[in-house]
Amino acid sequence: MMATPVVETHALSKSFGETPVLRDVNLKLFAGRAAVLIGGNGAGKSTLLRILGGLSRPSAGRVTVFGEDSLSLSHQSRRRIGMLSHQSWLYPNLTARENIEFYATLYGVPHSQAACDRWLDQVGLLAVADERVRSFSRGMEQRLSLARAMLVEPMLLLLDEPFAALDPDGVAMASGLIRAQVERGCAVAMTAHGALQLDGLELEACSVARGRLVPYGEESRGGRVRSMPGR
Amino acid sequence: MAAEPSSSNIADSTGASAPAMARLAPWLGVATLALMLASLFMVFEYVPTEAQEGIVQRIFYFHVPCAWVAFAAFGLVAIAGVFYLWLGDQIWDDLGYAAAESGMVFCTLVLITGSLWAKPIWGAWWTWDSRITTTFILWLLYGGYLMLRAMADDTPEVARFGAVVGIVAALDVPVVIVSVRLWRTIHPAVLVTRQGGHGLEDPRMIATLLVATVAFTVMFAWLLMLRFAQLRLRSRMKELRRALALAEASAGDL
Amino acid sequence: MGSFAALLRKDLRLELRSGQSTLALFALSLLILVVLVFALSPEPRDRAEASAGALWVAMVFAGMLGATRALLSENENGCIRALAMSPVDPAMLYGAKLAAAFIFMTVAEAAAVLLVVLFFNLDFGPSLLRLAPPLVLGTLGFSALATLLAAISGRTRAGDLLLPLLAVPMFVPALIAGVKSSAAALAGAPFSAMSQWLGVLVAFDVLFVTLGGLLFEHVIGED
């Protein structure tokens, strides 16, 4: 049985100026499944996620999200996309709770104190809920950003390095949250620098190498790709 | 595109617009030259001297066409901006940019010729007469647009920003005209002895003005086309470079 | 409407916490007025005209700083991207940013009016209330213009320089109308002397609020 993909890209390419960042990417994401895009710095993973989220426009090719063109997503579709970027997208002078409340209101999801508390509790920040984000460490910011991305009840979740800056506790917490999202039927795409293992979750891994999407483990076939892991 | 001459093969591989314009440009240049010579003859030989202002008034036949072209060019910038935001095709951005640059030339000419005329007639190089002020504001708006293009050159969204500024500025112009007119009628300057009112009673004056207007409009079209064709080629080159970089990267995979 | 209120509440809360924009606006207004007093002499021949002019100069230049600062909080952690991705309509986003800028500028201006009264020895009376219509309309127009343009200039090199280059020429009609109607208000002229200027201000406001709402999505979008 082949379900309709949540996200589908057709011959997607992206260049910044003259520099190609993504080349001929064909990708499908399905509801209730998680994919990991593996690649080194500058491989194009983040750019790919941003294009899938409709934040950046492809130079060539087409991207459909929930059956719509990613450049003209309806309100309904945008409401169902959660994204974690490498920037936190949090207001430093608001408290953790105020940030959560703010985004919940924007997305029209329950933003009662109880609902916000539940999210803060899940990411282990309830004790510092009323402290300003400015005083947070990078890891705490990452936890709060995860809550921000997931509280919108997404059907498409785009996570750029979800485990960055997290302590082992945080990694376990984040994997649990991601698994819960997949189980409720959300399509998840995340990026990582190397192979990932999440307990109880089957991951489809592919590599992004020099702007191309290849099955994981086959990226070295081209020979030269491997030699530039830290570009 | 095999039928095209070899010299323009690359530019023709997708769109023929740039070389087509490049071929049209010389003809427009010739037309400009002919029309300019005709209007020079008419301005200096054919048209009678205006009774009140004397010989200086003849600059009017250059001044007014320049003003018309400057305002029209700004309208073109805004229209190109609307189409760019609507269709997202680079050609509209190139057109808007070319129109702004060419328009700036004529807007500057309006201010210079106006100043040359004002000195003997009004006794000062510069007065805050409503029309001068409006033109000056137009010049500043053009300046802002061109500064944006220069300063945001490395921003990928520069075309969009240019379109937005071009649209906003052009729609601001009517409000500028109204407010400046009210401003000057409420405080009439002593220097302004007659509010414009160039009585073109002689039909030869009208004929001269018409020929000069056509001449300047054709000259604008010529300059616009040259710059437009150049910008088209630049965009095309960027595209080719991008495609080349893409091809090189793909070749590296093998 | 929930998201508009949330956006505005967020901006006001941030502002109450730091007081950055309003304070910076007021401080700059104060300095500009001081400079103008020295430049014009505190007892100019036409006191109403000079003080109205000073007030508007302070408003334009302080307002530019305010508009830049109002977008700073969105740029700090990339929040503007979160807003661009959110289901909130860009026009609504623009409206909320415009409303916030308008409130900050109005507060700073109220203080600037008091300074002008003090510095130029104006009568402290009900005639000052007549300044409200031109100032409110002018501030609305300026916030509308500056919010749109600051979103552009904030994303370019040397944006601080670019904003005045774009904003000042566009603001000219509102500036003329604002100075003229403010001077009339301070000189105690009848309302009819102000009405045509207020008409120009209204036209300016309608134009720029509409354009900003329509075009904002293009200035926050990325390629």
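Residues numbered from 1 in each chain as written. Chains lettered and ligands numbered in written order. Predicted model: local features only at pLDDT ≥ 70, side-chain atom pairs only at ≥ 80, totals over all residues. Heavy atoms only, no water.

Undergrad: I'd like to hear about the packing of aromatic side chains, residue by residue, with values.
TA: Where two aromatic rings form a pair, the distance of their centres and the angle of their planes describe that pair. As enumerated under the stated definition, the model contains 20 aromatic pairs over all chains in all. Ring centres of Trp126 of chain B and Phe136 of chain B lie 5.3 Å apart, and the angle between their planes is 80 degrees; on these two criteria the pair is classed as edge-to-face. A residue pair is termed long-range when its members are at least 10 positions apart, and Trp126 of chain B in the loop between α4 (90-122) and α5 (130-151) and Phe136 of chain B in helix α5 qualify at ten residues. Exposure remark for Trp126 of chain B: the relative accessible area of 32% places this residue in the partly exposed category. Feature note: the residues Trp126, Trp128, Phe136, Trp139 and Trp183 of chain B constitute an aromatic cluster, connected by ring pairs. In this structure, Arg148 of chain A is placed above the aromatic ring of Tyr103 of chain A, and the distance from its NZ or CZ to the ring centre is 5.6 Å. Arg227 of chain B extends its terminal NZ or CZ atom over the ring of Tyr97 of chain B, reaching a point 5.8 Å from the ring centre. (Phe/Tyr/Trp six-rings, centres within 6.5 Å; stacked < 30°, edge-to-face > 60°. Helix = DSSP H or I, 4+ residues; strand = E, 2+ residues; numbered from the N terminus. Buried < 20%, exposed > 50% of the residue type's maximum accessible area, 1.4 Å probe, protein only. Lys NZ or Arg CZ within 6 Å of the ring centre and 35° of its normal.)

Undergrad: For unusual backbone geometry, give the residues involved together with the corresponding values.
TA: With a phi angle near 50 degrees, Glu161 of chain A is a residue other than glycine that sits in the positive phi range. Inspection of the secondary structure assignment puts Glu161 of chain A in the loop between β7 (156-159) and α6 (168-183). Here Asn121 of chain C, not a glycine, exhibits a phi torsion of approximately 50 degrees, which is positive. Turning to its location among the elements, Asn121 of chain C is positioned in the loop between α5 (90-119) and α6 (132-153). With a relative accessible area of 42%, Asn121 of chain C lands in the partly exposed category.

Undergrad: Summarise the sheet that holds strand β2 (residues 19-29) of chain A; cite the residues concerned and give the values.
TA: Residues and elements named next belong to chain A. Reading across from one edge, β2-β1-β4-β5 is the order of the four strands in this open sheet, with antiparallel pairing throughout. Among the strands making up the open sheet, the edge pair consists of β2 and β5 (68-69). Sheet topology note: the strand β4 (residues 60-65)/β5 ladder contains two bridges and is antiparallel. Pairing of Val65 across the sheet is with Glu68, part of β5. (Pairing = 2+ DSSP bridges.)

Undergrad: Report on the pairing of strand β8 (residues 187-192) of chain A, specifying residues and quantitative values.
TA: Residues and elements named next belong to chain A. Across the six residues of β8, six count as buried, placing the element largely inside the fold. Burial of the side chains of β8 extends over both faces: Ala187, Ala189 and Thr191 are buried on one face and Val188, Met190 and Ala192 on the other. Across five bridges, strand β3 (residues 34-38) lies against β8 in parallel orientation. By the bridge assignment, Leu37 is partnered in β8 with Thr191. Relative to β8, β7 runs parallel, the two being bridged by four bridges. Bridge pairing in β8 places Leu156 opposite Ala187. This β-α-β element, β7 to α6 to β8, shows right-handed connectivity. (Right-handed = clockwise from strand over helix to strand, strands pointing away.)

Undergrad: Any details on the sheet that holds β8 of chain A? Residues and values, ideally.
TA: Two pairing modes exist for strands in a sheet, parallel and antiparallel, and in both the strands are linked by backbone hydrogen bonds. Residue and element names in this part refer to chain A. Strand order across the open sheet formed by six strands is β6-β7-β8-β3-β9-β10, with mixed pairing between neighbours. The sheet is open, and its two edges are formed by β6 (81-84) and β10 (212-215), each paired on a single side. Taking each pair of neighbouring strands and ignoring which way they run, the sheet shows an average axis angle of 20 degrees. (Axes fitted to C-alpha atoms, helices over the stretch in contact; angles between N-to-C directions.)

Undergrad: Go over the interface of chain A and chain B, please, and point to the residues and values.
TA: Many structure descriptions define interface size as the accessible area lost when the parts assemble. Each side of the interface is counted separately: chain A has twelve residues, and chain B has eleven residues. Taken over both partners, the interface formed by chain A and chain B buries close to 990 Å², and the fraction arising from carbon and sulfur atoms is 47%. Where chain A touches chain B, the interface holds one salt bridge. Glu18 of chain A is paired through a salt bridge with Arg241 of chain B; the nearest N and O atoms lie 3.2 Å apart. At the surface where chain A touches chain B, the tally comes to three residue pairs in polar contact (both at pLDDT 80 or more). (Contact = heavy atoms within 4.5 Å. Buried area = accessible area lost by both parts, 1.4 Å probe. Salt bridge = Lys/Arg side-chain N within 4 Å of Asp/Glu carboxyl O. Polar contact = N/O pair within 3.5 Å; in protein donor to acceptor, adjacent residues only side chain to side chain.)

Undergrad: I'd like a rundown of the side chain of Ser143 of chain C, residues and numbers included.
TA: All names here are of chain C. With respect to the helices, strands and loops of the structure, Ser143 is situated in helix α6. Given a relative accessible area of 1%, Ser143 falls into the buried group. Leave out the neighbours within four places in its chain, and Ser143 touches Leu98, Ala101, Phe102 and Met105.

Undergrad: Would you mind going over α5 of chain B in detail, with residue names and values included?
TA: An α-helix turns once every 3.6 residues. As a result, residues three or four positions apart point the same way. All names here are of chain B. Across its 22 residues, α5 extends 31 Å between first and last C-alpha, which sits within 8% of the 32 Å expected from 1.5 Å per residue. Taken across its 22 residues, α5 has 16 buried, putting it largely inside the fold. For α5, the N-terminal capping position is held by Asp129, with its side-chain oxygen 3.0 Å away from the main-chain nitrogen of Arg131. (Expected span 1.5 Å × (residues − 1).)

Undergrad: I'd love a proper account of the environment of Ala31 of chain B, names of residues and values included.
TA: All names here are of chain B. As for its placement among the helices and strands, Ala31 is situated in helix α2 (residues 17-46). For Ala31, a relative accessible area of 29% translates into the label partly exposed. Distance in space between the C-alpha atoms of Ala31 and Ala215 is 8.2 Å, their sequence separation being 184 residues.

Coordinates in, geometry out; function isn't part of it.
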